[in-house]
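# An overview of the molecular structure
Spelled out from the first residue to the last, the chains are:
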Amino acid sequence: MSDLPFRLSNKDKRRAQAAIVLLFAFLFCAVSLYTFLVLHHDPTVTNLGGRLQGWSFQHPLGTDHLGRDVLTRLLTGGQQTIGYSVLALTIALAVGIPIGVASGYRGGWLDKVFMRVADGFLSFPDMIAAIIISGLLGPGIGNLVLAIVFVKWVNYARLVRSTVLTEARKDYVIIARTNGLSSFTIMRKHLLPHLAGHVLVLASLDLGKIILLISTYSYIGLGAQPPVPEWGAMLNDSRPYFQSMPELMLYPGAAIAIAVLLANMLGDYLRDRFDVKKEAGS
């Protein structure tokens, strides 16, 4: 069988992935502007007289069991789910990167202490550790973010440490030390730029996992609390009505799946973009 008339190069695939992510981001912003500026629905105000309605021009995705506009809650829930996922990821990076750089660059007792702490954190799966910590802190989206940070920072610290250990032995770092540059300057000017690609790839791939974590724990009651709209909490609220109005669960479920897919596509794009082993133009 003859080959296909054309094949997309890796560069074209990366462009297509980036275009899809940007397209969905644009659509999300456009629909949000229309919903909040034109329809003027409040995601928390109830209207029992208009509960469980089908789609209409006033309610494009219908209403839920309390008469709240589903589209408004879905968009607001996206801001909650994705926003808190990005927040948890940012804090984990802010904690993990400095610890990893200091541990890898300084070595000695600091590195030994970090490795023992890291081994302790990694002895439990992320899901189990986050459930335990969130359960101890109590239900609430803020406590859930802290629990996720508590289990995620070590992954970035270990990645940064291993990269710093490799880079710190190279000639350009040794020359910088010989020229009298301070440790802080060497870390900031020479080591951190080499870490950016590795950290961005891991963070983008981790974003989808964190979105799933927040949605899952909100579904079981450890995350966002009523009446805060959040995709996992919306799934939980819609369970009793799955037989009569299954779309109430399908909408937030599809939103979670699309968000995780886009996060993974972004991770694939960044992984290919920063893959220095690839041949140029392949």
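As the structure is a computational prediction, the values presented were derived from the model and not from experiment.

### Let's talk about a nonpolar patch on the surface
On the surface, Leu87, Ile91, Val95 and Ile99 cluster together into a nonpolar patch covering about 260 Å² of accessible area. If you trace the backbone, isoleucine 99 turns up in helix 2 (residues 70-106). The class of isoleucine 99 is partly exposed, set by a relative accessible area of 32%.

### What about the packing of aromatic side chains?
Each aromatic ring pair is specified by the distance between its two centres and by the angle formed by the two planes. Evaluation of the coordinates by the stated rule reveals 1 aromatic pair. Taking 6.3 Å as the distance between ring centres and 55 degrees as the angle between the ring planes, the aromatic pair formed by phenylalanine 114 and tryptophan 153 counts as tilted. Taken together, the residues span a long stretch of sequence, with phenylalanine 114 in helix 3 (residues 108-122) and tryptophan 153 in helix 5 (residues 141-167) at a distance of 39 residues. Take tryptophan 153: its relative accessible area is 9%, and that puts it in the buried class.

### Observations regarding unusual backbone geometry
Leaving glycine aside, a negative phi is the common case for residues, and trans is the common case for peptide bonds. Located in the positive-phi region is leucine 52, a residue other than glycine, with phi close to 55 degrees. Mapped onto the elements, leucine 52 comes out in the loop between helix 1 (10-39) and helix 2.

### Focus on the environment of aspartate 206
Note that aspartate 206 resides in helix 7 (residues 183-219). In contact with aspartate 206, not counting residues within four places along its chain, are Leu89, Lys152 and Tyr156.

### Topic: helix 5
Over its 27 residues, helix 5 extends 38 Å from the first C-alpha to the last, a length consistent with the 39 Å expected when each residue adds 1.5 Å. Where helix 5 bends most, at valine 151, the angle is about 30 degrees.

### What about the packing of helix 2 against helix 5?
One way to put it is that helix 2 packs onto helix 5 with a least axis distance of 6 Å and a crossing angle of 35 degrees. Handedness of the crossing formed by helix 2 with helix 5: right-handed.

### Observations regarding the confidence of the model for the protein chain
Detailed conclusions should not be drawn from predicted coordinates in areas where pLDDT is low. Looking at the protein chain, the pLDDT average stands at 78 and 85% of residues meet or exceed 70. Averaged pLDDT values over the elements of the protein chain bottom out at 68 in helix 1 and peak at 88 in helix 8 (residues 231-238). Here residues 276-282 is a poorly scored stretch, pLDDT under 50, and it has 6 contacts once near neighbours within four places are set aside; other chains count.

Definitions and cut-offs
- Residues numbered from 1 in each chain as written.
- Predicted model: local features only at pLDDT ≥ 70, side-chain atom pairs only at ≥ 80, totals over all residues.
- Heavy atoms only, no water.
- Patch = residues over 30% accessible without salt bridge, like charges linked within 9 Å, V, L, I, M, F, W, Y side chains within 5 Å.
- Areas by Shrake-Rupley, 256 points an atom, 1.4 Å probe, with all protein chains shown as cover.
- Salt bridge = Lys/Arg side-chain N within 4 Å of Asp/Glu carboxyl O.
- Helix = DSSP H or I, 4+ residues; strand = E, 2+ residues; numbered from the N terminus.
- Buried < 20%, exposed > 50% of the residue type's maximum accessible area, 1.4 Å probe, protein only.
- Phe/Tyr/Trp six-rings, centres within 6.5 Å; stacked < 30°, edge-to-face > 60°.
- Contact = heavy atoms within 4.5 Å.
- Expected span 1.5 Å × (residues − 1).
- Bend = angle between axes of the 7 residues up to and from the residue.
- Axes fitted to C-alpha atoms, helices over the stretch in contact; angles between N-to-C directions.
- Left-handed = near helix turned anticlockwise from the far one by under 90°.
- pLDDT = per-residue confidence, 0-100.

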